[in-house]
Amino acid sequence: MTPIRVLLVDDQPMIRTGFRLILEAEPDITVVGEASDGVGAVESTEALRPDVVLMDVRMPRRDGVEATRLIARAGSPSRVVILTTFDLDAHVVDALRAGASGFLVKDGPADSLVGAIRTVAAGEAVLSPRVTHRLLDRFAHLAAPAVPDVPSRLDALTGRELDVLRALTRGLSNAEIARELGVGETTVKTHVAHILEKFGLRDRVQAVILAYDCGLVVPRNTA
């Protein structure tokens, strides 16, 4: 089995060392490099082509949000997992909107770190749609307002795909969506794949963010 290649990005050397020790104890994971700021993160991602970038959100020179945005814009296949101190963090929302595949709290258990690396490397999102929904509601003021061409973007979806997208925003699993719509789970998987393909999205979390951007979901008042 080819090991999962990981790039560690954090401005604190002790944290990078700790993460390296945890990850390199796993037979299917290897740390291919380290960076201490966002500038180094972008350069190292381009040079090393890691499968997963473990990215601190707050760093000097260039923060993790901007580094994630540049990595995504470059079309890199590397997937980013954001590291944060607080789970309800406005910077996490910015990072998800920039293209991150999820986030981890720094003081979480070691097995959650290892599991997240494997999940993201397999093409899934670490962050569940339910948590994404909660974050977007909490920081609704950060959401990009719907723009005039939004309806034409949604017109790319079939009626059934639109139903599936609405269900995704509620955090439903494929099995739950299948029961609700009265279709097979394989059919739901196909609809989800089409939604991601049509909008060039990496995962279901990005689909939920798209729904907010398009005005398909109205943030709840969390005041």
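The notes below deal with the structure included here. (Residues numbered from 1 in each chain as written. Predicted model: local features only at pLDDT ≥ 70, side-chain atom pairs only at ≥ 80, totals over all residues. Heavy atoms only, no water.)

## Observations regarding the overall build of the protein chain
- Of regular secondary structure, the protein chain possesses 11 helices and five strands.
- Across the 223 residues in the protein chain, those meeting the buried criterion constitute 47%.
- The contacts of the protein chain with a sequence gap of at least 6 include a subset with a gap of at least 24, amounting to 69%.
- Put simply, the protein chain shows about 10600 Å² of open surface, and 53% of that area lies on carbon and sulfur atoms. (Helix = DSSP H or I, 4+ residues; strand = E, 2+ residues; numbered from the N terminus. Buried < 20%, exposed > 50% of the residue type's maximum accessible area, 1.4 Å probe, protein only. Contact = heavy atoms within 4.5 Å. Areas by Shrake-Rupley, 256 points an atom, 1.4 Å probe, with all protein chains shown as cover.)

## Observations regarding helix 9 (residues 174–181)
- Listed as buried for helix 9 are N174, I177, A178 and L181. Within helix 9, the buried residues cover an arc of 100° as seen down the axis, which keeps them to one side.
- Where helix 9 is buried, its residues touch helix 8 (159–169), helix 10 (185–199) and helix 11 (204–213). (Arc of directions from axis to C-beta.)

## Observations concerning the layout of surface pockets
- Roughly 400 Å³ of volume is contained in the largest pocket.
- R97, A98, G99, L201 and Q206 are the residues nearest the centre of the largest pocket, which is lined by 15 residues in total.
- Of all the secondary structure elements, the ones that give two or more residues to the lining of the largest pocket are helix 3 (64–73), helix 4 (90–98) and helix 11.
- A total of four residues in the lining of the largest pocket trace back to one element, the largest contributor, which is helix 11.
- The class makeup of the residues in the lining of the largest pocket is six nonpolar, three polar and six charged. (1 Å grid on protein atoms, 1.4 Å probe; cavity = no way out; pocket = protein on both sides within 12 Å on 5 of 7 lines; lining within 4 Å. Points joined across faces, edges and corners; volume = space filled by probe spheres on them. Nonpolar A, V, L, I, M, F, W, Y, C, P; charged D, E, K, R; others polar.)

## A few points about the environment of L181
- One can find L181 in helix 9.
- When the C-alpha atoms of L181 and D163 are compared, they prove to be 8.2 Å apart, with 18 residues separating the residues in sequence.
- Apart from the residues within four sequence positions on either side, L181 is in contact with R160, D163 and V164.

## Focus: the pairing of strand 4 (residues 79–84)
- For strand 4, the tally of buried residues reaches six of six residues, placing the bulk of the element in the interior.
- Across the two faces of strand 4 the burial is the same, with R79, V81 and L83 and V80, I82 and T84 all buried.
- Examined bridge by bridge, strand 3 (residues 52–56) and strand 4 share five bridges and lie parallel to one another. Within strand 4, the residue paired with D56 across the bridge is L83.
- With three bridges connecting them, strand 4 and strand 5 (residues 103–105) associate as parallel partners. Paired with L83 across the bridge in strand 5 is L104. (Pairing = 2+ DSSP bridges.)

All quantities given are derived from atomic positions and should not be read as evidence of function.
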